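What the coordinates show
Here is how the chains run, residue by residue.
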Amino acid sequence: MTTLVLCVDRSNDIGRKAGLRTPVVGWEAVQSLVTEVGLADPEDSSVNCLLESLRVVRDLRDEDEDAVVAVVSGGSDSLVGADLSLAAQLDRLVAEYDPESTVVVIDSAADERVVPVIESRLRIDSVDRVVVRQAHDIESTYYLLKQFLADEELRTTVLVPLGATLLLMPLLLTQFSPAVALAGLASVLGAALLYKGFAIDQFIADAPDRVRDALYSGQVSVVTYAAAGGLSLVGIFLGALSVTTPTGSETVVLPAMQFVYNAVPWLALAALTASAGRLIDELIGSDGVRTPYLNLPFGVVALGLVVRGFSGWFLHREGVLTNAVFFDVALSARQRLALFIVGGIVVSVVGVRIAASMSDETVEDAVEQ
């Protein structure tokens, strides 16, 4: 039984430094090659790889096994050319020695990628990776960085925001205080990470295709989505106009509640318009209306009532709103809040009942979809 101990040098460092063509076969030839490569570059890890190959052969022979040592290397500057050269050398070794098993000795992660090429021609019993102890951490870090830089998605996700942040730092530091500049940079970096983390870029890239498909299919929701966008802008505009500038000891809570109180009806109307368009599309379709689309309009109205009720309670407590009149009865802040909460619950319950009566779909079916 012949075992081939194969020292692999994909980058052709051994052949280039020793000035020899591979394959190099035999104990004496490889032993001489160790001296030549070591004298040419004592720091090259290929020397350790060659010595490890000789050690494996010695151990196998001590166990009375027939072992042959050989060195193969890539004879081209390109990766494809190097792998083709290695494959041709392997074919020569197989034709001459016909080994029954192989022990592959490598010294880098790049050489390890050739293992499938060897495995397609020989039976591999072991892969022995030689790493110089002093260079273990350095080499591992090097290959991790190399794989990281080779991944386009990781580069755009990490390196681009980091590079933009470093470019903006000098400009911000010259215009603002260090605290403001660092806060701004942190915000930019956080926004970039969230942009990639939530796949907003993919959503924006797919948006034109979705809009085109919706237009071609004649969906009503395209028009209602546009109307909902306009209503949302109106709500934001009116909410911003209603905000008064805080003075004295006032906090930001009051302006925020003013914005919410005046913007929520328009935002709820926008959501209701968008959900109505989607519901109409479901009604027009042949598959019937699914439960979530029936519940959505009622849920939007209920949520709008509850949010407006709480924001109105804050404004009522601060004296911005006066007592509301309901059927000639003046309501206090608590009564007003309770009325809005009860109204939201009633609307939500009505929506659930209507959805249950109009659709045979179960809750489990809705969750699965």
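- By the naming in an unreviewed UniProt entry, the protein chain is Putative membrane protein, taken from Halopelagius inordinatus.

**Looking at a nonpolar patch on the surface**
- A cluster of nonpolar side chains, namely Leu 194, Tyr 195, Phe 198, Ile 200, Phe 203 and Ile 204, defines an oily patch on the protein surface of about 620 Å² accessible area.
- The set of elements that each furnish at least two residues to the nonpolar patch consists of helix 9 (178-197) and helix 10 (200-216).
- Top element by residues in the nonpolar patch is helix 10. It accounts for three residues.
- Residue position: Tyr 195 is located in helix 9.
- Take Tyr 195: its relative accessible area is 34%, and that puts it in the partly exposed class.

**Quick look at the packing of aromatic side chains**
- Enumeration over the complete set of coordinates arrives at one aromatic pair.
- Note on Trp 313 and Phe 314: the rings are 5.1 Å apart at their centroids and 80 degrees apart in plane angle, and the pair reads as edge-to-face.
- The partly exposed category is assigned to Trp 313, whose relative accessible area is 22%.
- Its guanidinium or amino end placed over the ring of Tyr 261, Arg 308 lies 3.9 Å from that ring's centre, counting from NZ or CZ.

**Overview of the sheet that holds strand 2 (residues 24-25)**
- With respect to topology, five strands assemble into an open sheet ordered 2-3-1-4-5, the strand pairing being mixed. Two strands lie at the open edges of the sheet, namely strand 2 and strand 5 (124-129), each paired on one side alone.
- As paired strands, strand 1 (residues 2-9) and strand 3 (residues 66-73) are joined by eight bridges and run parallel to one another. Across the sheet, residue Val 5 finds its bridge partner in strand 3, namely Val 69.

**Overview of the pairing of strand 1**
- Burial of strand 1 is extensive: eight of the eight residues sit out of reach of the surface.
- Residues Thr 2, Leu 4, Leu 6 and Val 8 of strand 1 are buried on one face, and the alternating residues Thr 3, Val 5, Cys 7 and Asp 9, pointing to the opposite face, are buried as well.
- Pairing of strand 1 with strand 4 (residues 101-106) involves five bridges; the strand directions are parallel. Considered in strand 4, the bridge of Val 5 is made with Val 103.

Rules behind the numbers
Residues numbered from 1 in each chain as written. Predicted model: local features only at pLDDT ≥ 70, side-chain atom pairs only at ≥ 80, totals over all residues. Heavy atoms only, no water. Patch = residues over 30% accessible without salt bridge, like charges linked within 9 Å, V, L, I, M, F, W, Y side chains within 5 Å. Areas by Shrake-Rupley, 256 points an atom, 1.4 Å probe, with all protein chains shown as cover. Salt bridge = Lys/Arg side-chain N within 4 Å of Asp/Glu carboxyl O. Helix = DSSP H or I, 4+ residues; strand = E, 2+ residues; numbered from the N terminus. Buried < 20%, exposed > 50% of the residue type's maximum accessible area, 1.4 Å probe, protein only. Phe/Tyr/Trp six-rings, centres within 6.5 Å; stacked < 30°, edge-to-face > 60°. Lys NZ or Arg CZ within 6 Å of the ring centre and 35° of its normal. Pairing = 2+ DSSP bridges.

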